[in-house]
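# Structural overview
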Amino acid sequence: MSTLPAPALEASGAPASLRFQGLWLFSPRADLSILLLPTLLLLASVWLASLTGEGSQGFAQVIGRWTSQYVFLNGTHVILTFLLVGTRRELLHTTPSQSRLLVGGSSAVFLLTFGLLWYADAHAPLLALLLGAGIHVLAAHHTLSQVKGLWALHGLKARAAGAPPLSESERTLQRHFVPVALALMMLRSLALPVTDALGSRPMINIGQAEGGSLPHGLTWVLLAVWGVFAAKLVLALRGPPGQPPGQSGPRRVYVLAHVAVVAVYLVWPLWGAILSAGIHGLEYFFLTGRMLQPTPSEATARLRGPRVWAAMLALMAPIILVGVANSPFVTLVDGATQGAATAFLLKQQPLWSLGVLATNGVVLAHYFADAFLYRFRIPRVREVTLPRLGLG
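In this report, we go over the structure that sits alongside the text. (Residues numbered from 1 in each chain as written. Predicted model: local features only at pLDDT ≥ 70, side-chain atom pairs only at ≥ 80, totals over all residues. Heavy atoms only, no water.)

Right, let's get into the side chain of Q247. Take Q247: it is sitting in strand β2 (residues 247–248). On the accessibility criterion, Q247 (7% relative accessible area) is buried. From its side chain, Q247 meets the backbone oxygen of R238 in a polar contact 3.1 Å long. Looking at Q247, its side chain comes within polar contact range of the side chain of R252, at 3.2 Å. Setting aside residues up to four positions removed in sequence, Q247 forms contacts with S17, L18, R19, P164, L237, R238, G239 and R252. (Helix = DSSP H or I, 4+ residues; strand = E, 2+ residues; numbered from the N terminus. Buried < 20%, exposed > 50% of the residue type's maximum accessible area, 1.4 Å probe, protein only. Polar contact = N/O pair within 3.5 Å; in protein donor to acceptor, adjacent residues only side chain to side chain. Contact = heavy atoms within 4.5 Å.)

This is how it looks when you write it as structure tokens:
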């Protein structure tokens with residue numbers, strides 16, 4: 001992807017100590033759109049919920065959640081990992097065991113997940129709830145780990161362009177970002193009620209709150225803890241005294257935006273989940289698009305330019321189709337067609353149910369594969385992967 005001219009922010013509005021030119025991870029337009037589009041979706045969903053008076057647990061929230069999953073690609077990008085390793089085969093050989101992990105390990109995770117979810121759905125509803133909660137925790141860890149990874153790529157981008165590197169205090173907070181944010185977010189979604197209304201349950205309710213949830217007021221304690229972490233991070237991003245000017249503005253925008261995402265999740269978890277999911281899906285889509293583009297040594301590669309984006313969309317199409325069949329809009333179509341949409345989908349069963357199980361299997365396989373694909377601490381992984389990102 002070519003680097004587009006930076007926006008007006010870059011020309012005059014940025015502090016003199018920050019540098020934006022040449023430091024965007026993808027491009028100014030892409031980097032900012034990844035953050036702004038899900039934010040606009042969140043605001044539109046909240047506005048619709050307030051307009052209808054249904055609050056955060058009504059149809060507006062369901063539409064926002066579905067849009068983040070299937071329009072902003074959080075639920076569909078999972079298959080792109082396997083397009084990447086299937087077409088850029090050197091990624092399978094960065095370590096002696098890499099191909100076994102990415103192919104054999106991911107296949108085993110897919111089959112195990114599919115089997116467990118099928119059994120739980122048919123025979124053990126309590127196990128299905130437990131598996132859903134486990135997937136929720138893994139999804140949050142995966143999302144936060146991606147934030148940490150792109151944060152690191154911003155640092156590498158800055159270093160390659162001659163900007164000051166991450167300070168030691170920023171590196172320390174970067175290492176702590178995932179465990180601190182994950183602990184707070186899981187406490188919020190699993191242990192605290194969504195609202196302070198009488199009878200409100202946690203966002204992920206598997207029966208753990210039948211005897212009563214923790215007080216909703218603890219939300220502000222969690223937010224205060226995150227506020228302390230955020231304050232330390234803001235100071236770290238400013239760099240040590242005497243550091244030369246020219247720090248990466250895009251890195252600061254990216255990190256502080258995700259600090260805000262976690263804060264939104266802690267206060268309004270149902271809305272924060274929409275925001276986090278939308279950003280995550282778009283990030284991975286652009287990251288994979290960059291990784292799929294051929295390097296200068298792959299002059300004969302046929303998958304390049306617009307074909308990359310077309311291939312990604314084509315591979316995601318079956319998951320998008322499953323999403324359409326399970327979308328909240330089916331009920332709207334039912335209202336206009338006297339239930340014809342649901343009747344049609346029921347005739348296709350168990351096709352759609354198997355599609356949902358297979359999608360969840362791919363999700364877990366994607367989590368597994370990504371954990372090994374981007375192990376930048378291994379020199380050979382960096383040697384192969386970073387040039388694909390323009391950071392070699």
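Time to look at the nonpolar core. Judged by nonpolar contacts, the single largest core of 87 residues is most densely connected at L153 and W226. Per element, the largest residue contribution to this core is 12 residues, and it comes from helix α10 (residues 269–292). The contact partners of L153, leaving out residues within four places of it in the chain, are L25, L287, F376, L386, L389 and L391. If you look at the next biggest cluster of nonpolar residues, it comprises 5 residues, including A325, V330, L345 and W352. (Core = buried A, V, L, I, M, F, W, Y, C linked by side-chain atoms within 4.5 Å.)

What follows deals with the layout of surface pockets. By volume, the largest pocket amounts to about 1600 Å³. Taken together, 46 residues make up the lining of the largest pocket; nearest its centre are R65, Q69, N74, I135 and N360. Counting only elements with at least two residues in the lining of the largest pocket, the list comes to α3 (59–70), α5 (98–123), α6 (125–160), α7 (168–191), α10 and α14 (351–373). Classifying every residue of the lining of the largest pocket by side-chain character gives 26 nonpolar, 18 polar and 2 charged. Here the second largest pocket is characterised by a volume of approximately 1100 Å³. Looking at the second largest pocket, it is lined by 34 residues, and the ones nearest its centre are S145, K148, G149, Y374 and F376. (1 Å grid on protein atoms, 1.4 Å probe; cavity = no way out; pocket = protein on both sides within 12 Å on 5 of 7 lines; lining within 4 Å. Points joined across faces, edges and corners; volume = space filled by probe spheres on them. Nonpolar A, V, L, I, M, F, W, Y, C, P; charged D, E, K, R; others polar.)

In this section: the pattern of salt bridges. Evaluation of the coordinates by the stated rule reveals 4 salt bridges. Between R388 and E90 there is a salt bridge, and its shortest N-O distance comes to 2.4 Å. You can see R388 sitting in the segment after α15 (379–385) and its partner E90 sitting in the loop between α4 (80–87) and α5, a full 298 residues away along the chain. Residue class for E90 comes out partly exposed when judged on its relative accessible area of 26%. Taking the shortest distance from any N to any O, the salt bridge between E383 and R380 comes out at 2.8 Å. One end of the pair is E383 and the other is R380, both in helix α15 and 3 residues apart, which spans about a single turn. Exposure remark for E383: the relative accessible area of 52% places this residue in the exposed category. Taken together, the shared-partner salt bridges in this structure form one network comprising E90, E298 and R388. (Salt bridge = Lys/Arg side-chain N within 4 Å of Asp/Glu carboxyl O.)

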